[in-house]
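Fold and contact review
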Amino acid sequence: MTKKSISDTLRRTCLILAGSFIMAVNLKSFVRAGGLIPGGFNGLTRLIQEISVLLWHWEPPFSVINFILNAVPVVISFKFIGKKFTGYSCLMIVVSGILTDMVPAWPVTEDILLIAIFGGLINALAISLCLFANATSGGTDFIAIFLSEKYGIDSWNYIFAGNVVILGIAGALFGWDKALYSIIFQYTSTQVLHILYKRYQKQTLIIVTKRPEDVYEAIAEITHHDATLIKGEGCYSKQECDVLYSVVGRDEVNKVVNTVRETDPQAFVNMIRTENLAGRFYQRPND
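Residues numbered from 1 in each chain as written. Predicted model: local features only at pLDDT ≥ 70, side-chain atom pairs only at ≥ 80, totals over all residues. Heavy atoms only, no water.

As for the packing of helix 1 (residues 3-31) against helix 4 (residues 83-102)
Relative orientation of the contacting elements helix 1 and helix 4 amounts to 35 degrees, with a least axis distance of 8 Å. As helix 1 runs across helix 4, the sense of the crossing is right-handed. In this structure, helix 1 uses Thr9, Arg12, Thr13, Ile16, Leu17, Gly19, Ser20, Phe21, Met23, Ala24, Leu27 and Lys28 to contact helix 4, whose residues at the interface are Lys84, Phe85, Tyr88, Leu91, Met92, Val95, Ser96, Leu99, Thr100 and Asp101. Partitioning the contact of helix 1 with helix 4 into residue classes produces 12 nonpolar, 6 polar and 4 charged. (Axes fitted to C-alpha atoms, helices over the stretch in contact; angles between N-to-C directions. Helix = DSSP H or I, 4+ residues; strand = E, 2+ residues; numbered from the N terminus. Left-handed = near helix turned anticlockwise from the far one by under 90°. Contact = heavy atoms within 4.5 Å. Nonpolar A, V, L, I, M, F, W, Y, C, P; charged D, E, K, R; others polar.)

Overview of the nonpolar core
Note that soluble globular proteins tend to have their nonpolar side chains buried in a common cluster. By size, the foremost hydrophobic cluster in this structure holds 21 residues, and its most contacted members are Ile16, Met23 and Leu36. Only helix 1, helix 4 and helix 5 (112-132) provide two or more residues apiece to this core. Counting residues per element, this core draws most heavily on helix 5, at 8 residues. Setting aside chain neighbours within four positions, we find Ile16 in contact with Tyr88, Leu91, Met92, Cys130, Ala133 and Ala135. Val215, Val260, Ala267 and Val269 belong to the second-largest nonpolar core, a separate cluster that totals 13 residues. (Core = buried A, V, L, I, M, F, W, Y, C linked by side-chain atoms within 4.5 Å. Buried < 20%, exposed > 50% of the residue type's maximum accessible area, 1.4 Å probe, protein only.)

Quick word on the pattern of salt bridges
Evaluation of the coordinates by the stated rule reveals 6 salt bridges. Across the pair Asp8 and Arg12 runs a salt bridge, and its minimum N-O distance is 3.8 Å. You can see Asp8 and its partner Arg12 sitting in helix 1, 4 residues apart, about one turn around the helix. Given the relative accessible area of 30%, Asp8 is considered partly exposed. Taking the shortest distance from any N to any O, the salt bridge between Arg46 and Glu50 comes out at 2.5 Å. Of this pair, Arg46 and Glu50 are both found in helix 2 (residues 40-56), 4 residues apart, which corresponds to roughly one turn of the helix. (Salt bridge = Lys/Arg side-chain N within 4 Å of Asp/Glu carboxyl O.)

Brief notes about the pairing of strand 1 (residues 202-209)
Burial analysis of strand 1 places 6 of its 8 residues in the buried class, which makes it a mostly covered element. Bridge analysis of strand 1 against strand 4 (residues 268-274) gives 7 bridges, and the strand direction is antiparallel. Among the inter-strand pairings, Ile206 is bridged to a residue of strand 4, identified as Asn270. (Pairing = 2+ DSSP bridges.)

As for helix 10 (residues 253-263)
Among the residues of helix 10, those classed as buried are Val253, Val256, Val257, Val260 and Thr263. Down the axis of helix 10, the buried side of the element spans an arc of 125 degrees, and every buried residue falls inside it. Opposite the packed face of helix 10, turned more than 90 degrees from it, sit the exposed residues Asn254, Lys255 and Glu262. Buried residues along helix 10 sit in contact with strand 1, helix 9 (212-223), strand 3 (240-249) and strand 4. (Arc of directions from axis to C-beta.)

Section: the packing of aromatic side chains
Tallied over the full model, the rule gives 0 aromatic pairs. Across the ring face of Phe78, the terminal group of Lys83 is positioned such that the distance to the ring centre comes to 5.4 Å. (Phe/Tyr/Trp six-rings, centres within 6.5 Å; stacked < 30°, edge-to-face > 60°. Lys NZ or Arg CZ within 6 Å of the ring centre and 35° of its normal.)

Considering helix 4
Spanning 20 residues, helix 4 covers 28 Å between terminal C-alpha atoms, matching the ideal 28 Å at 1.5 Å per step. Of all the positions in helix 4, only Phe85, Thr86, Tyr88, Ser89, Met92, Ile93, Val95, Ser96, Gly97 and Thr100 are classed as buried. (Expected span 1.5 Å × (residues − 1).)

Details of the sheet that holds strand 1
What links the strands of a sheet is backbone hydrogen bonding, and the strands pair in either a parallel or an antiparallel sense. The strand order 2-3-1-4 describes an open sheet built from 4 strands, whose pairing is antiparallel. The open sheet has two edge strands, strand 2 (228-233) and strand 4, and neither has a second partner. This sheet shows a mean twist of 25 degrees between the axes of neighbouring strands, independent of strand direction. Examined bridge by bridge, strand 1 and strand 3 share 8 bridges and lie antiparallel to one another. Across the sheet, the residue bridging to Val208 is Val243, located in strand 3. Across the sheet, helix 9 touches strand 1, strand 2 and strand 3, and the angle it forms with strand 3 is around 5 degrees. Seen against the sheet, helix 10 touches strand 1, strand 3 and strand 4 and runs at an angle of roughly 165 degrees to strand 4.

The analysis is restricted to geometry; functional conclusions fall outside its scope.
Below you can see the structure in the form of structure tokens.
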């Protein structure tokens, strides 16, 4: 292994371990303390635990249930998404599951609204660390990435429907107030995650430049994305100009813009948020 690969492995492993610890503490000190049922497989695991306590007065280990639920998604991810990606994701699932069973609960507050809001924020932080390591926390993330990258299917509605079913069962069995607070938890987590992690968000760049070839080469080298050259004319100067049109990931925008300005200090760059995209778009593969 090269020094770069060793450094990358250590970085990703440290991010996974930190994310696993934060998620485990959050599950014990916020989610469990507030009686919340979050979305995804963690929420389904908590629901199964609560039902077991209700029916048999026995709580099965979080890790065992979570491992069983993730078994099939892990196989799908290993086969279709990426081996290293799946391996690091499994590390996240295993470590966070074991720590959830081991770490003690440290109740921070008894205010369930604060628990829902800050629990969701901390949950997003844990998942973001995992995503920065190019891995996932498992469960519905595997399914969403698989459907998105292999079939171009937006799985949000299906995952949302599954979460609604989980919350509906939890509300019917344990009270609708906890289900509603769980929605606040999930909403907070989703919004913070959207801010922290931008890989799957897109940005349109419109660049007016006198050096289109050099600027295009800079964009292609950084992002592997193509660009369209449009011939234009300045309305005021009446001089011909070149306009490059390209769509890149939002996590790449700052690096691209800085490189464009270095290549052509006089370039004019307009950045537009892209909501939807149809057609071929290069997505960095999961390793």
